[in-house]
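Structural overview
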Amino acid sequence: MSATKTTMRRFRSQDWFDNPERVDMTALYLERFMNYGITADELRSGRPIIGIAQSGSDINPCNRIHLELAKRVREGIRDAGGIPMEFPLHPTFENCRRPTAAIDRNLAYLGLVEILHGYPLDAVVLTTGCDKSTPAQLMAAATLDLPAIVLSGGPMLDGWFEGELVGSGAAIWKGRRMLAAGQIDEEKFLQIASASAPSAGHCNTMGTASTMNAIAEALGMSLTGCSAIPAPYRERGQIAYETGRRIVAMAIEDLRPSQIMTRDAFLDAITVNAAIGGSTNAQPHIMAMARHAGVEITPEDWMRYGYDVPLLLNMQPAGKYLGERFHRAGGVPAVMWELLQATRLRADRPTVTGRSMAANLEGRATADREMIFAFEQPLKQQAGFLVLKGNLFDFAIMKTSVISADFRQRYLSTPGREGVFECRVVVFEGSDDYHARINDPGLEIDVRTMLVIRGTGPIGWPGSAEVVNMQPPDALIKQGITALPTLGDGRQSGTSDSPSILNASPESAAGGNLAWLRTGDTVRVDLNTGSCNVLISDEELAERKKIAPPPVPPSQTPWQEIYRATVGQLQSGACMELALAYRGVGQDLPRH
Ligand code: FES
Ligand code: MG
C-alpha cells in the first residue's frame, strides 16, 4: 500500500524535510540521507518515518537476533507505507557488564530520549530482550510519548544437559552449589552453563528478561503473544513483520504510550508478574516505567494487586519448565486469560493492536494444564511479592513463589508462630567482602544465621548489584543446607530461587539504617505483618548513628558519578529523578 499526503496527518519529521518556513534548512536535513540511496521524494512524501531502536550487537548477545529481525521489521514498515530508519542503542548486557548492567538502564534510556527527540522520527519500534533493554526503552517511550511498539527478541531454545532441562541462570546457581559441595568440577560446571544457552535469544527461564517482555505485553505495548516466541522460531520473524506493519498504522492513528501505559495497565502488569512467578527486578522496573508514564504506584498497590495472586505458570525458577513450552502453552495471553476469567484484570483498556486487551485475549485459553494452571487450582496461592518494612528500611520485597518446602519447614513453621523467624545476622560490606569471608569458621554461620549484604544499592554499588541471593558457606551446603535467610539493599537475579529480602530502600549508602546493623544483632521477620526489625532499642540505634556509615567505593567512570548524583532508590524505581520532569517532550520540536 502506498500512502499519500492527503490520507495522513502531518508528521513531526516533516518539520525537517518539508517545512515551508525553513526551506533553507531542508536541503541540509535531506541531502545526507540520499548518500545511501533514499530519494528526496520519499522523505518528502508525507509518510511516517519509523525508527527501529536496535538493541542487538556483538556485545549484547541476548538481543543479537534483532540484527536479523530488523530486516523483517523494515519490510513490514515499507509494506504499510512507512520509511524505516534503524539506529543503535547503548548495550545493556546483563551477564557481562561490570559492575552491573543496572547503571546502563538509565544511560540507554537517556540515549534513546535524545535520539527520539532530536531526529526526524515519528514513531519507533523498540527491540527488547535482555533484562534492562526492555524497561530502558519503555521508559524512553513514556517520556517522549511518540507512538511506540515493543518487539521482543524472544527467549533461547530450551537447554538440555544429560537428559534434564537446564535453564538460564538457574543452571549457574545450581552448578555453583554442586561445585561448593564437591559434586562436580569446573569443567563440568562450564559444560552445564553452555548447555543452558543453546541458541540465539535471551534467558529461557522466567528471569528478568522473560519477565520484562511479558510485562511489556501485559501493558499492551506489544502485539498479542509476542513476548514468549523463542528467538529462532519462524513465528518470531513473522511477528517482526507484523510489528513493522502495525507501527505505521499507529503513527497514522497517533496512538501513543500515554493512552496505553495507564494505571490500569500497570496494575495488570503487577498481577501478571505474580501469576508468572516473575523476577524481583520487575519491582524497580515497573516503578520506573510507571513514574516516567506519570502513573503513581504505591507499596500498598504491590500488596493489593500483586501479593494475593496465585502462581499459574510452571516455569523455572518458581516452577519446572522453560520458554519453549511456555510459548506452546499459549504464552502471556493464556496466563492473562485465566486472570481475566477470575476478574483479576482491568483489561478493558487500549493496546498497540488498536483493540482492547480483553479483545486481544479472546480465545487464548491454554491447552497445556501442566504448564499453565487454572486459577482455581494453581501451583501456589499468594505467590506475589510480599512488601516488608521496619526499623532497618522503609521498603523491601520478598518473592514468596520461590519459598521452598524445606525453607518453609525450617523458618516459617514454628507452632504458634507460623511465618515468624528470628536470626543472628552476619553482615557483609558488598560482594568482595562476602566472597572473602563466607567460609571463615570464625563467623559461626549456622542454620539460625541470616546473611546480610549492604553497600549494594543504586548509589553504593553503583547501580545496585544482583548479590542478595548469597550462598551459604560450603560446609553448610555439604550438610544439605542450600539456602539461608538473606537480606540486602541490592537486588538478585530474576533467575534465582532464593526467597531473599531484597531491594531494601533506602540503601545504606543513602543513609538507610542497614548501615548501622552489626554482626551479632538479632533480626526478627514477620511475614504475617510484613515487618522486619533489628531487635535493638531506638536509643541504641540513635547512638550507633553517631558513627559514620560504611564508605562506598569511588566512581570509576564519569557516568558512574552522574548516575550516583541523579539516581533514586529501588523502592521508587531507581530512576534518574530529574528526568521525570520531561514527560511528553516528543510533542515539542527541537530548535533548528
Ligand atoms: Fe541477557 Fe538473561 S543475561 S537475557
Ligand atoms: Mg540479572
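Residues numbered from 1 in each chain as written. Chains lettered and ligands numbered in written order. Predicted model: local features only at pLDDT ≥ 70, side-chain atom pairs only at ≥ 80, totals over all residues.

Some details on the domain arrangement of the protein
Quick reminder of the rule: Domain start and stop positions are those given by an automatic or database domain assignment. Contacts are defined on C-beta atoms placed from the backbone: any two residues whose C-beta positions lie within 7 Å are in contact. The residue classification treats Ala, Val, Leu, Ile, Met, Phe, Trp, Tyr, Cys and Pro as nonpolar and Asp, Glu, Lys and Arg as charged. All others, Gly included, are polar.
On domain assignment, one finds that the protein holds domain 1 (47-156 + 201-361), domain 2 (159-197) and domain 3 (385-546). On a C-alpha basis, the centroid separation for the pair domain 2 and domain 3 is 26 Å. Facing the eight residues of domain 2 at the interface are nine residues of domain 3. By residue class, the composition of the side of domain 2 that touches domain 3 is four nonpolar, two polar and two charged.

Quick look at helix H14 (residues 299-307)
The line we're drawing: Exposure classification rests on a simple neighbour count of other C-beta atoms within 10 Å of a residue's own: a residue reaching 20 or more is buried, one at 12 or fewer is exposed, and one in between is partly exposed. C-beta atoms are placed from the backbone. Put simply, DSSP H or I for four residues or longer makes a helix, DSSP E for two residues or longer makes a strand, and each gets a number counted from the N terminus. It is the directions from the helix axis to the C-beta atoms whose arc is reported.
Buried residues of H14: Trp-302, Tyr-305 and Gly-306, and no others. One side of H14 holds all its buried residues, which, seen down the axis, span an arc of 100°. The elements touched by buried residues of H14 are helix H12 (263-275) and strand E7 (385-388).

Comments concerning the UniProt feature "domain: Dihydroxy-acid/6-phosphogluconate dehydratase N-terminal" (unreviewed entry) in the protein
Short version of the rule: UniProt positions are given in the numbering used here, feature names are shortened, and annotations may be inferred rather than shown by experiment.
Here the UniProt-annotated "domain: Dihydroxy-acid/6-phosphogluconate dehydratase N-terminal" (unreviewed entry) positions come out as residues 47-359. When the span residues 47-359 is considered, its composition is 49% helix and 9% strand, and the gap between its end C-alpha atoms is 29 Å.

Structural notes on the nonpolar core
Put simply, the rule is: Core membership is restricted to buried Ala, Val, Leu, Ile, Met, Phe, Trp, Tyr and Cys residues, and these are joined into a nonpolar core through C-beta atoms within 7 Å.
In terms of nonpolar packing, the biggest core is built from 172 residues, with Ile-50, Val-124 and Val-335 touching the most fellow members. Looking at which element gives the most residues to this core, the answer is helix H5 (residues 102-118), with nine residues. Aside from chain neighbours lying at most four places away, what touches Val-335 is Val-272, Ala-275, Ile-276, Leu-312, Leu-313 and Ile-372.

Some remarks on the UniProt feature "domain: Dihydroxy-acid/6-phosphogluconate dehydratase C-terminal" (unreviewed entry) in the protein
Following the UniProt record, one finds the feature "domain: Dihydroxy-acid/6-phosphogluconate dehydratase C-terminal" (unreviewed entry) at residues 371-574. With 18% helix and 21% strand, residues 371-574 has end C-alpha atoms that lie 34 Å from one another.

Considerations on the pairing of strand E1 (residues 49-54)
Put simply, the rule is: By definition, two strands form a pair when at least two bridges between them are found by DSSP. Throughout, right-handed denotes a crossover for which the path from the first strand over the helix to the second runs clockwise when the strands point away from the viewer.
Counting buried residues along E1, five of its six residues qualify, which places the element largely inside the surrounding structure. As defined by bridge partners, E1 adjoins strand E2 (residues 83-88) across six bridges and the pair is classed as parallel. Bridge pairing in E2 links Ile-49 to Ile-83. Read from E1 through helix H4 (residues 66-79) to E2, the crossover connection turns out right-handed.

Quick notes on the packing of helix H9 (residues 208-219) against H12
Stated formally: The axes are straight lines fitted to the C-alpha atoms, using for helices just the contacting stretch, and the angles between their N-to-C directions are given from 0 to 180°. Each angle receives one of four descriptions, namely roughly parallel if under 35 degrees, roughly antiparallel if over 145, roughly perpendicular if within 65 to 115, and oblique otherwise. Definitions for this section: a left-handed crossing has its near helix turned counterclockwise from the far helix by less than a right angle. A right-handed crossing has that turn clockwise.
Contact pair H9 / H12: the axes reach a minimum separation of 8 Å and the direction vectors enclose 140°. In terms of axis orientation, H9 runs oblique to H12. Note that H9 runs across H12; the crossing there is right-handed. Side by side, H9 and H12 meet where Thr-211, Ala-214, Ile-215, Ala-218 and Leu-219 of the first sit next to Ala-265, Asp-268, Ala-269, Val-272 and Asn-273 of the second. Looking at side-chain class alone, the contact of H9 with H12 contains seven nonpolar, two polar and one charged residues.

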